[in-house]
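Below are the chains, spelled out letter by letter.
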Amino acid sequence: MTGAVPDVNGAGRDAIPLRRLPASWLAIGAFQVAKEFAFPIVVALVTRVRDGRVSGADAAVAAGVAALVAVGAVLRWRHVRWGIGDDRLVVVRGTFGSTRRELPLARIAGVSIEEPLLWRLAGLARLRVRTAAGAGDDAVLDAVPRAEVATVRALLTGARADAPVATVAAPVGDALDRAAGTAPAAAPEGTLLHRASTGDLALAGLTGGALAGIAAILAVAQRALDGLGLEDRLVDWLSQAMEPRLAALGIESALLLVGLGLVGVFVVALPLAAVLSVVRHAGLTVTREGATLARRAGLLDRSDRRIALATVQGVRLVAPPLQRALAGAALRVGTTGLAEGVPGQPDAGTGAVELVPLVRGAARARLAEAVLPGSAAHVEGAWSRVASVRVALLRALLALACAGAATAATAAWAPLPARVAWAAWLPVAVAAWWAVAHVAGRANAASGAAGDAAWLAARWGGWTRVTALARASSAEVAHRRAGPLQRRAGVCTLEVALGDGTSVVWPDVPVALADALERRVRAATTRTGAPPPGRDGSPAARG
């Protein structure tokens, strides 16, 4: 479908002229549009459902929303085009206003392949194109026929057109591919660096940060049960069955229901978190193919992400409390042009791409060494605690004093009923939780690579421990900050920003150590301050 659309270069010399998305993408487009309205629609239906019935007006509104979803999918399909010329990739999109994006092929740093379930059923794949100067996806090719993925990636990255495209081998996924008539290609040869076991993936789900999201989903499900009247029936049954025994024990039925609800959340959320982690990361392998790092994973939604080793800026190990007890951590890689947010991990930085959700024991150092040569010595090397715990204790006492004053003021001016008087102490409980985490984080804050001027190594965090390793030459800028307590104690917080958007942080360190680290960064960036090269060997532009 390219006859009515002009070529990229205007002279018919394109490797792939501008084309619209395949018609098989329409179902996928409708699903994408529906996802944007899914949450408000579900909330509206749940709040309006009574005794399992929906009124005629609500059904009409739902039908109208479905019609809008279909129209939105058609509009997206008609107004998205992409093509590859002799020296650039062009993506044109926009329904009412058109946006044309051109990326020089020489600046493309990587192409990642994603094969979600619906895409595979339609015989399609999605390609994410990134440049060294980008802070995310510079271009997304929404629907590329799977038979053309190898050719498109070769045109974008300069690889051989006959190079096989790796996919995750999984029985369920292979059956779906056979049903769609698109069998996966064989994976290319490479050095296997890590293969995640099913047990480790389940542990990653149980000990990671997915439980909060699952708890939110369970809360929506609870509201749905309430709308159907099932929750009221359950409460009445429990009250009638347990009220005499609870009264004899002096326990209110409301407290019992709260306790049962919390137990139910854990009973349902824990196995669900494990299953979702296994499904998301099934068959996870990390291989080295020449100068490229390849990460492949996924049971239903497959992904094939490529990272040029020359663009790696640093590695970091992020270990929540339970993972630390298992001598494990999630390993993340920071590279230029691949800066991505990590939901649920505010301490992990904004430019770290999760490579492995859980790696344990000596495998942490081995994998870090394969990704960033020289880092293994500092993962297992000597660390010295450098943060001032005294300043952290003063902050904790100040926070507790403020929370106590707020609680006292509330009790004096607006006392709560006796049955919920305990709620007045919530500010103190929150402050105590923060104080413990803050003091623990400062007590565990450490600096490494003391005798190696070419490296930056820091460890910080209370509940979630972050270990960041980077070459000093990858630093962009170093800045320090000091509050009133820090100035009186002669300490400061030093933060060194890297080229991948992440930072290496030393909290509450002596000023003398901050000066030494700044001199290390200044010397390294003065000697080697050039950005990593692009595909053609020329320096890549930075954003």
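Only a predicted model underlies this, so the values are computations on that prediction, with no experimental measurement involved.

## Comments concerning the pattern of salt bridges
Line of reasoning, step 1. Scanning the entire structure with this criterion turns up 20 salt bridges.
Line of reasoning, step 2. For aspartate 142, the salt bridge identified is with arginine 93, shortest N-O distance 3.1 Å. Here arginine 93 lies in strand E3 (residues 88-93) and aspartate 142 lies in strand E7 (residues 139-145), a separation of 49 residues in the sequence.
Line of reasoning, step 3. The shortest N-O distance in the salt bridge between arginine 480 and glutamate 518 comes to 2.7 Å. On the criterion of sequence distance, the pair formed by arginine 480 in strand E19 (residues 475-481) and glutamate 518 in helix H16 (residues 511-527) is long-range, its members being 38 residues apart.
Line of reasoning, step 4. Ionic contacts of the salt-bridge type, sharing partners, join the residues Arg153, Glu289, Arg296, Asp304 and Arg306 into one network.

## Remarks on the packing of aromatic side chains
Note on aromatic pairs: each is described by the distance of the centres and the angle between the planes.
Line of reasoning, step 1. Counted by the stated rule, this structure contains one aromatic pair.
Line of reasoning, step 2. Sitting above the plane of the tryptophan 119 ring, arginine 126 keeps its charged end 4.6 Å from the centroid.
Line of reasoning, step 3. Residue placement shows arginine 459 over the ring face of tryptophan 383; its charged tip is 4.2 Å from the ring centre.

## Things to note about the confidence of the model for the protein chain
Line of reasoning, step 1. Scored by pLDDT, the protein chain has a mean of 74; 69% of the residues are at 70 or more.
Line of reasoning, step 2. Confidence drops under pLDDT 50 across residues 159-188; counting only partners more than four residues distant or on other chains, this segment forms 61 contacts.
Line of reasoning, step 3. A low-confidence stretch, residues 529-543 (pLDDT under 50), is modelled with 36 contacts involving residues beyond four sequence positions or located in other chains.

## Points about the environment of serine 98
Line of reasoning, step 1. Relative to the elements of secondary structure, serine 98 occurs in the loop between E3 and strand E4 (99-104).
Line of reasoning, step 2. Counting along the chain gives 18 residues from serine 98 to valine 80, while the straight-line C-alpha distance between them is 9.3 Å.
Line of reasoning, step 3. In this view, serine 98 contacts Val92 and Arg93; residues no more than four positions away in its chain are not counted.

## Some remarks on the side chain of arginine 395
Line of reasoning, step 1. Inspection of the secondary structure puts arginine 395 in helix H13 (residues 389-413).
Line of reasoning, step 2. At 2.9 Å, the side chain of arginine 395 forms a polar contact with the side chain of aspartate 508.

Reading the values: the criteria
Residues numbered from 1 in each chain as written. Predicted model: local features only at pLDDT ≥ 70, side-chain atom pairs only at ≥ 80, totals over all residues. Heavy atoms only, no water. Salt bridge = Lys/Arg side-chain N within 4 Å of Asp/Glu carboxyl O. Helix = DSSP H or I, 4+ residues; strand = E, 2+ residues; numbered from the N terminus. Phe/Tyr/Trp six-rings, centres within 6.5 Å; stacked < 30°, edge-to-face > 60°. Lys NZ or Arg CZ within 6 Å of the ring centre and 35° of its normal. pLDDT = per-residue confidence, 0-100. Contact = heavy atoms within 4.5 Å. Polar contact = N/O pair within 3.5 Å; in protein donor to acceptor, adjacent residues only side chain to side chain.

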